[in-house]
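Report on the structure
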Amino acid sequence: MAGYFQIISPSFIKLVVSNPFGQPILIFTSDQKSFQLINTMRRVYTAGSLYSYGLQNDIPLALLKGNWQDWIRGTISVKPSAITSVRGDAENRGSWITVESEAEGNFLRTHLLIDPEEGVLLSRIIEDDKGNRLSEFTYNDWKSVGGCRQPYRIRVTGLEYHTEITIKLSDVLVAEKVAENEFLLTAPANYLQQIIP
């Protein structure tokens, strides 16, 4: 599927999926607390609590509360005090750093494989408090965008039902200014409205 992402810090994200003619099929926005979703094929507008949506759809809390921006941009936001171990990679690809954090009662363990020579993140493995692997992000095709490096190919594996997602980015831009109201959607007229408390 084709489409585009818009991201502004700290937590706003917008995903628009379009058909071959450039018409939107799906529009999703979130600030990681609430979300809005417009499905033009089903003519449905859905909005509400991201937490409730996750509970209804068995999405692990760690994936809902994680740093989506870091995951998509291939960046690392880590406090040194959160690092619990550093070790070499068995295949000599770089160094693994393990980070543990807890926010809002949500424990998250992340293993980061860093290539110190290139200065890029190669892999990010996310686990819950029981050590269950929730997902693995693999980053490739790094290019410079606005003075920062960005992976242009992101592969997500380890999801439920052996689901895999490959994101291929192109034409990545750093916008001068993006307003938060660009992440607010209005329910289209004559669409079924579903509100999740």
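Located above this text is the structure these notes cover.
Procedures and definitions
- Residues numbered from 1 in each chain as written.
- Predicted model: local features only at pLDDT ≥ 70, side-chain atom pairs only at ≥ 80, totals over all residues.
- Heavy atoms only, no water.
- Helix = DSSP H or I, 4+ residues; strand = E, 2+ residues; numbered from the N terminus.
- Rg over C-alpha atoms; globule rule 2.2 N^0.38 Å.
- Buried < 20%, exposed > 50% of the residue type's maximum accessible area, 1.4 Å probe, protein only.
- Areas by Shrake-Rupley, 256 points an atom, 1.4 Å probe, with all protein chains shown as cover.
- Lys, Arg positive; Asp, Glu negative; His and termini not counted.
- Charge placed at Lys NZ, Arg CZ, Asp CG, Glu CD.
- Core = buried A, V, L, I, M, F, W, Y, C linked by side-chain atoms within 4.5 Å.
- Contact = heavy atoms within 4.5 Å.
- Pairing = 2+ DSSP bridges.
- Axes fitted to C-alpha atoms, helices over the stretch in contact; angles between N-to-C directions.
- Patch = residues over 30% accessible without salt bridge, like charges linked within 9 Å, V, L, I, M, F, W, Y side chains within 5 Å.
- Salt bridge = Lys/Arg side-chain N within 4 Å of Asp/Glu carboxyl O.
- Phe/Tyr/Trp six-rings, centres within 6.5 Å; stacked < 30°, edge-to-face > 60°.
- Lys NZ or Arg CZ within 6 Å of the ring centre and 35° of its normal.

All right, on to the overall build of the protein then. Counting secondary structure elements, the protein contains three helices and 13 strands. Here the protein has a C-alpha radius of gyration of 18 Å; the compact-globule value for 197 residues is 16 Å, and the two agree. Looking at the protein residue by residue over its 197 residues, the buried ones come to 43%. Carbon and sulfur atoms make up 52% of the accessible area of the protein, which amounts to about 12200 Å² in all. The protein carries 19 positive and 22 negative side-chain charges, and their two centres are separated by 4 Å.

Within the largest apolar cluster, 35 residues are counted, with the highest numbers of intra-cluster contacts made by Trp 71, Leu 121, Ile 126, Phe 137, Tyr 139 and Ile 154. For this core, the elements supplying multiple residues, two or more each, are strand S4 (34–39), helix H2 (61–65), helix H3 (68–73), strand S7 (95–103), strand S8 (106–115), strand S9 (120–127), strand S10 (133–145) and strand S11 (148–157). For Trp 71, the residues in contact, after removing those within four places along its chain, are Ala 62, Leu 63, Gly 66, Arg 124, Ile 126, Phe 137, Tyr 139 and Ile 154. Within the second largest apolar cluster, seven residues are counted, among which are Val 16, Ile 38, Ala 47 and Leu 185.

Taken together, the six strands give an open sheet; going across it, the order is S1-S2-S3-S4-S5-S13, and neighbouring strands pair in mixed fashion. Edge positions in the sheet fall to strand S1 (2–8) and strand S13 (192–196), since each of these pairs with one other strand and no more. Averaged over all pairs of adjacent strands, the angle between strand axes in this sheet comes to 10°, irrespective of strand direction. Pairing of S4 with strand S5 (residues 44–49), which is carried by six bridges, proceeds in the antiparallel orientation. Of the residues in S5, the one forming a bridge with Asn 39 is Val 44.

The next thing to look at is the pairing of S4. Here S4 lies mainly inside the structure; five of its six residues are buried. As paired elements, strand S3 (residues 24–30) and S4 share five bridges and run antiparallel to each other. Bridge pairing in S4 links Ser 30 to Phe 35. Where S3 folds back onto S4 in an antiparallel hairpin, the turn is made up of three residues, including Gln 32, whose phi is positive at roughly 70°. In this antiparallel pair of consecutive strands, S4 and S5, the connection spans four residues, and Arg 43 shows a positive phi of 60°.

This part is about a nonpolar patch on the surface. Together, Ile 76, Val 78, Ile 83 and Val 86 give the surface a local cluster of nonpolar side chains, amounting to about 300 Å² of exposed area. Along the chain, Ile 76 turns up in the loop between H3 and strand S6 (83–88).

Turning our attention to the environment of Gly 131. Relative to the helices and strands, Gly 131 is located in the loop between S9 and S10. A residue is classified by how much of its surface remains accessible, and Gly 131, at 33% relative accessible area, is partly exposed.

Another aspect to go through is the packing of aromatic side chains. The geometry of an aromatic ring pair is captured by two quantities: the separation of the ring centres and the angle between the planes. Counted by the stated rule, this structure contains seven aromatic pairs. Consider the rings of Phe 28 and Trp 68, whose centres lie 6.5 Å apart with planes at 40°: the pair is tilted. Placement of Phe 28 in strand S3 and of Trp 68 in helix H3 is noted, with a sequence separation of 40 residues between them. Just above the ring of Tyr 152 sits the side chain of Lys 143; from NZ or CZ to the centre is 4.6 Å.

The phi dihedral of Gln 32 falls on the positive side, at around 70°, and the residue is not glycine. Structurally, the position occupied by Gln 32 is in the loop between S3 and S4. The exposure class assigned to Gln 32 is buried, which follows from its relative accessible area of 14%. Even without being glycine, Asp 141 reaches a positive phi, approximately 55°. With respect to the helices and strands, Asp 141 occurs in strand S10.

Treat this as a map of the structure, not an account of what it does.
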